[in-house]
Amino acid sequence: MVTTSGGGFALMVEALSLAGAHESPVVIHLAQRPGPATGLPTRTEQGDLMFALFAGHGEFPRVIFAPGSFEEGFRLAQRAFYVADRYQVPVILLTDQYFINSNYNLPGIEIERGMERNHIVKTDADYLRYRLTDSGITPRGIPGYGRGIVCALSDEHTEGGFITEDFGVRTSMVDKRWAKMRSMQGDILPPVLHGPKKYRHLLISWGSTLNVVREALAECGRDDTSFLHFTQIYPLHPDAADIIGRAGNRVLIENNATAQLGAVLKLYAGARVESKVLKYNGMPFMLEEIIDVIKKLP
Amino acid sequence: MSSQFDFENPVDVAWCPGCGNFSIREAIKKAFDELGLDREKLVMVSGIGQAAKGPHYINVSFFDGLHGRSIPAATAIKASNPELTVIAESGDGCSYGEGGNHFLNAIRRNTDITNIVHNNMVYGLTKGQASPTSRRGFKTPVQVAGVYLEPFNPVAVAVALNASFVARAFSGDVEETKEIIKKAITHKGYALVDVFQPCVSFNKINTYKWYKDQTYYLDDAYDPRDRIGAFGKAVEDDKFPLGVIYLNNDNPTFEENLAVYKRNREPLFRRTVDFDKLERFIRDKRA
């Protein structure tokens, strides 16, 4: 695991691509701060979602989580390790300066059991690190555990981990890596709907804006307005399009200038939004600001 | 002589005929065999370059990652399982250029790994540009007026940083190189072996004959524990000394300093999460 912020993440992006090629499980906690460059290093922003989504050269699967509360932060961190280990992919936990510098009291947290962490297998003499499988997942051997030779290579490789430029092998290795995205369909977290099941207006946000929007919604008490919060940004849950599609008016709330979740929803759920509430002065949303948004809804 | 590190079937080797890499590979395999290393407890790590393909041509587990970054991966592998013998092998461009900062910190961390650097004073994979160790005046298609930078001196830098083991070898002498590599592997702590080698295709200046003429072996009277004397040897460049130039057994290794091994020597993969203990830990922190 590595915990970092935008500038540090930018420096380490080549290793993200390496994890994609090697199929190494890695968990990256990326606490966003306003950029570009040093930007406002002691302030907050949700400005690195697209960066996290597309960082690294080449095409390879990844998973992005964005906790909205400390409880979610705790559970998603545990889940991030589980998903990284099980599917041998990089998993990015996106928080921001506001989230990690906040404090509040929590009730007791029970650790979720059953997410077994150890996905490492004892190797046989004929072990192949990148053996092709339907799921795309090759049981993960490591040196020093079993009789096998474990070869991890950043060049395109054969099943045994040796360098190749064979076009057929290349195609099958790309397909193998992407097959893991299909295999993890059942493990994708759906967005959580707060408020009435039937709604005209739908507020949409992700990550650290959870609590402020939830509180504003409760404060306003409108029966025609709900709030959809995303904790898994990528891959997107297949239900997202339908939940968003049921609203007549969609309002995106993001702590950035370019509505990055909006772009993700358009790209992967074909969803469009009617209006955007964007804040990018370095501060988190205030309760009054969101209440004002909800009150002004027609 | 056959080796347990040979492949059953011949592998397609990308090196030019006559490349110094072949004899370095021979010396490494012989060193492994003579030390009786357990193949299952051995990992080679490399970066990018022709030297970095070395582990592909030896029948061992390997991690071949990014240009300049063999050391971080080797450090992590050793730290996660100190039972493994870890060899980082790459060229002078990878190890001293892109990987320069990792090189400095590997010495300071003193991870118990062996760092074999093929030093042919040129970027061979990319067809002949100046590397950090290229000599002044060396002309290339990029450095058309000749190199004017001071060449990087890895041996002097390592002695300056009080490295635990610093040696230089020459690929033309397989037996001597093998003996130096054996000492490096059995040494506890970070061990640098800078290996001079000719690049027959892209360096027509520093040839086999040039290295032969420009080097000599340190004799038995030489004391590698004398740091000042070692520094004197490290900066000699009329003729370069070969052999173990500096030895310092005073510093603990990186793994010995890690809290995770203070009470339990088990490699990390053999450990499981004790959920009850974790819950107790969280409760205690909240109390």
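Please read these numbers as outputs of a predicted model, since none were measured by experiment. (Residues numbered from 1 in each chain as written. Chains lettered and ligands numbered in written order. Predicted model: local features only at pLDDT ≥ 70, side-chain atom pairs only at ≥ 80, totals over all residues. Heavy atoms only, no water.)

Engineer: Explain the packing of aromatic side chains to me, and be specific about the residues and the numbers.
Structural biologist: Scanning the entire structure with this criterion turns up 19 aromatic pairs over all chains. Here the aromatic rings of A:F162 and B:F7 are separated by 5.8 Å at their centres, their planes lie at 80°, and the arrangement is edge-to-face. With A:F162 in the loop between β7 (151-153) and α5 (167-183) and B:F7 in the segment before α1 (20-35), the pair connects residues from two separate chains. A relative accessible area of 25% means that A:F162 is categorised as partly exposed. Ring geometry for A:F162 and B:F62: centres 5.7 Å apart, planes at 75°, overall edge-to-face. Highlighted residues: A:F162 in the loop between β7 and α5 and B:F62 in strand β2 (residues 61-64), drawn from two different chains. (Phe/Tyr/Trp six-rings, centres within 6.5 Å; stacked < 30°, edge-to-face > 60°. Helix = DSSP H or I, 4+ residues; strand = E, 2+ residues; numbered from the N terminus. Buried < 20%, exposed > 50% of the residue type's maximum accessible area, 1.4 Å probe, protein only.)

Engineer: How would you summarise the interface of chain B and chain A if you had to cite specific residues and measurements?
Structural biologist: Every contact between the two is made by 26 residues of chain B and, on the other side, 31 residues of chain A. A combined buried area of about 2,400 Å² lies between chain B and chain A, and 59% of that area is made up of carbon and sulfur atoms. If you sort the residues of chain B by the area they bury against chain A, B:E40, B:F62 and B:F269 come out on top, with a joint share of 25%. As a salt-bridge pair, B:E279 and A:R113 come within 3.1 Å of each other at their nearest N and O atoms. (Contact = heavy atoms within 4.5 Å. Buried area = accessible area lost by both parts, 1.4 Å probe. Salt bridge = Lys/Arg side-chain N within 4 Å of Asp/Glu carboxyl O.)

Engineer: Mind laying out the domain arrangement of chain A, listing which residues take part and the relevant values?
Structural biologist: How big an interface is tends to be expressed through the accessible area that disappears when the partners come together. Residues and elements named next belong to chain A. As far as domains go, chain A holds domain 1 (2-101) and domain 2 (192-295). Opposite the 27 residues of domain 1 that make contact, domain 2 presents 27 residues. Buried area between domain 1 and domain 2, both sides added, is near 2,200 Å², and the carbon and sulfur share of it is 62%. Per-residue buried area on domain 1 facing domain 2 is highest for Q46, L49 and Y98; these three make up 29% of the total on that side. On the surface where domain 1 and domain 2 come into contact, there are zero salt bridges. Counting only elements with at least two residues in the side of domain 1 that touches domain 2, the list comes to α2 (49-54), β3 (63-65), α3 (70-87), β4 (90-96) and α4 (97-100). Among the elements that line the side of domain 1 that touches domain 2, the one with the most residues is α2, at four residues. (Domains from an automatic or database assignment.)

Engineer: Give a description of the environment of A:G6 that names residues and reports values.
Structural biologist: All names here are of chain A. Among the structural elements, G6 can be located in helix α1 (residues 6-22). Its relative accessible area of 16% is what places G6 among the buried residues. C-alpha of G6 to C-alpha of Q260: the two residues are 254 residues apart in sequence and 16 Å apart in space. Dropping the residues within four chain positions of it, G6 is found in contact with L30, A31, D48 and F51.

Engineer: So what about the side chain of A:D48? Which residues, and what values?
Structural biologist: Residue and element names in this part refer to chain A. As for its placement among the helices and strands, D48 is situated in the loop between β2 (26-32) and α2. Here D48 sits buried without a salt bridge, and the closest side chain of opposite charge, R33, lies 7.6 Å off (N-O distance). Those residues in contact with D48, other than ones at most four positions away along the chain, are G6, L30, Q32, R33, L94 and Q260. (Lys, Arg positive; Asp, Glu negative; His and termini not counted.)

Engineer: Let's hear about the nonpolar core: which residues, and what values?
Structural biologist: Considering soluble globular proteins, one finds that nonpolar side chains tend to be buried as a cluster. Residues and elements named next belong to chain A. In this structure, L94, I204, F230, I233, L261 and L265 are the most contacted members of the largest nonpolar core, which totals 49 residues. Ranked by residues supplied to this core, first place goes to α3 with six residues. With near-sequence residues (within four places) excluded, F230 lies in contact with A66, P191, I204, S205, W206, G207, L236, A240, I244, L261 and L265. (Core = buried A, V, L, I, M, F, W, Y, C linked by side-chain atoms within 4.5 Å.)

Engineer: Tell me about the pattern of salt bridges, residues and numbers included.
Structural biologist: Pairing between side chains becomes possible if they bear opposite charge and their charged atoms approach one another. Residues and elements named next belong to chain B. Per the counting criterion, the structure on display carries 33 salt bridges over all chains. Notably, a salt bridge pairs E179 with K182, separated by 3.5 Å at the nearest N-O pair. Here E179 pairs with K182, and both are found in helix α6 (residues 174-186), just three residues apart, close to one helical turn. The class for E179 is partly exposed, based on a relative accessible area of 34%. Bridged by salt links that share partners, the residues K30, E34, E175, K178, E179 and K182 form one connected network.

Engineer: Talk me through the packing of helix α6 (residues 210-220) of chain A against helix α9 (residues 287-295) of chain A; I want residue IDs and the actual numbers.
Structural biologist: Residue and element names in this part refer to chain A. Two elements in contact, α6 and α9, have axes whose closest approach is 9 Å; the angle formed by their N-to-C orientations is 50°. The orientation of α6 with respect to α9, classified from their angle, is oblique. Like other packed secondary-structure pairs, α6 and α9 cross with a definite hand, here right-handed. Across the interface between the two elements, V212, V213, E215, A216, L217, E219 and C220 of α6 pack against L287, I290, I291, I294 and K295 of α9. Counted by class, the contact of α6 with α9 contains nine nonpolar, no polar and three charged residues. (Axes fitted to C-alpha atoms, helices over the stretch in contact; angles between N-to-C directions. Parallel < 35°, antiparallel > 145°, perpendicular 65-115°, else oblique. Left-handed = near helix turned anticlockwise from the far one by under 90°. Nonpolar A, V, L, I, M, F, W, Y, C, P; charged D, E, K, R; others polar.)

Engineer: Now, about the packing of α1(B) against α6(B): what can you tell me, with residues and values included?
Structural biologist: Residues and elements named next belong to chain B. For the pair α1 and α6, interaxial distance at closest approach is 8 Å and the crossing angle is 50°. Between α1 and α6, the interaxial angle falls into the category oblique. Here the hand of the crossing between α1 and α6 comes out right-handed. On α6, the residues that touch S23, E26, A27, I28, K30, A31, F32, E34 and L35 of α1 are V174, E175, T177, K178, E179, I181, K182, I185 and T186. Its residues assigned to classes, the contact of α1 with α6 shows eight nonpolar, three polar and seven charged.

Engineer: With reference to specific residues and values, describe the pairing of strand β1 (residues 2-5) of chain A.
Structural biologist: Residue and element names in this part refer to chain A. Here β1 runs beside β2; their pairing, made up of four bridges, is parallel. Looking across to β2, one finds that T4 is bridged to L30. At this point the chain moves from β1, through α1, to the parallel β2, and the crossover so formed is right-handed. (Pairing = 2+ DSSP bridges. Right-handed = clockwise from strand over helix to strand, strands pointing away.)

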